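Each chain, written out:
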Amino acid sequence: MTVPAWLQECIDDVNQLSKELRTPDVINERARAYSFEAASWLQTAEGTGGADHADLRAILAHDCAVIPASVCRALSGWQHRAQTPGDPAKVARLCIERSRAAWTAAVRRGLAPAGEIGPFLSELDAIREDLDRLFPRS
């Protein structure tokens, strides 16, 4: 039996969409990858820039550790439909917003080139979008 062309096109579209959907494991891995990349950047970035730079680095260092832990905790509760104390998705969102602000401030103050920071901002946006999809804000 031959599949009609219109049906095959629908099947292909569904298969493509399923590849694009992010599973909790993919979201978790994305958060971890962001953390490792941000930490690596922080270690190799020049240490000059005074107190502003140190403050921004402290924020970014703290958040790059908290984001993957909070994402993992939120997704674990989501996968097992378990109640978790507090709201780990909200914690991750807050750290994402604070990190975005710190990265943006680093570029604005001339402490980091925009070309290096763009991928970090894109990853943070993607993680936030994934969290918003699974944990809609009330």
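Residues numbered from 1 in each chain as written. Predicted model: local features only at pLDDT ≥ 70, side-chain atom pairs only at ≥ 80, totals over all residues. Heavy atoms only, no water.

Before going further, it helps to examine the overall build of the protein. From N to C terminus, the protein includes five helices and zero strands. Across the protein, helices and strands are ordered from the amino to the carboxyl terminus as α-α-α-α-α. Within the protein, contacts between residues at least 6 apart in sequence are counted, and of these 76% link residues at least 24 apart. (Helix = DSSP H or I, 4+ residues; strand = E, 2+ residues; numbered from the N terminus. Contact = heavy atoms within 4.5 Å.)

We now examine the packing of helix α2 (residues 24-44) against helix α5 (residues 114-134). Between α2 and α5, whose axes approach to 10 Å, the crossing angle comes to 155°. When the axis of α2 is compared with that of α5, the two are roughly antiparallel. Considering the relative orientation of α2 and α5, their crossing is left-handed. Listed contacts from α5 to Ile 27, Arg 30, Ala 31, Tyr 34, Glu 37, Ala 38 and Trp 41 of α2 are Glu 116, Ile 117, Phe 120, Glu 123, Leu 124, Ala 126, Ile 127, Asp 130, Arg 133 and Leu 134. Grouping the amino acids of the contact of α2 with α5 by side-chain chemistry returns 11 nonpolar, no polar and six charged. (Axes fitted to C-alpha atoms, helices over the stretch in contact; angles between N-to-C directions. Parallel < 35°, antiparallel > 145°, perpendicular 65-115°, else oblique. Left-handed = near helix turned anticlockwise from the far one by under 90°. Nonpolar A, V, L, I, M, F, W, Y, C, P; charged D, E, K, R; others polar.)

What follows is about the nonpolar core. The tendency in soluble globular proteins is for nonpolar side chains to be buried as a group. Core analysis: the largest hydrophobic core is formed by 31 residues, its most contacted members being Tyr 34, Trp 41, Val 71 and Trp 103. Ranked by residues supplied to this core, first place goes to helix α4 (residues 88-108) with eight residues. Setting aside residues up to four positions removed in sequence, Val 71 forms contacts with Ile 27, Asn 28, Ala 31, Ala 92, Ile 127 and Leu 131. (Core = buried A, V, L, I, M, F, W, Y, C linked by side-chain atoms within 4.5 Å. Buried < 20%, exposed > 50% of the residue type's maximum accessible area, 1.4 Å probe, protein only.)

Turning our eyes to something else, we now look at the side chain of Arg 93. In this fold, Arg 93 is placed in helix α4. Of the polar contacts made by the side chain of Arg 93, one reaches the backbone oxygen of Leu 131; its length is 3.5 Å. In this structure the side chain of Arg 93 is engaged in a polar contact, spanning 2.7 Å, whose partner is the side chain of Asp 132. Those residues in contact with Arg 93 that lie beyond four places of it in its chain are Leu 131, Asp 132, Phe 135, Pro 136 and Arg 137. (Polar contact = N/O pair within 3.5 Å; in protein donor to acceptor, adjacent residues only side chain to side chain.)

Turning our attention to α5. The end-to-end C-alpha distance of α5 is 30 Å, a good match for the 30 Å that 21 residues give at a rise of 1.5 Å each. For α5, the complete set of buried residues consists of Ile 117, Phe 120, Leu 121, Leu 124, Asp 125, Ala 126, Ile 127, Arg 128, Asp 130, Leu 131 and Leu 134. (Expected span 1.5 Å × (residues − 1).)

Averaged over the protein, the pLDDT score is 85; the fraction of residues at 70 or greater is 83%. Per-element confidence in the protein is highest for α4, whose mean pLDDT is 95, and lowest for helix α1 (residues 5-20), whose mean pLDDT is 74. (pLDDT = per-residue confidence, 0-100.)

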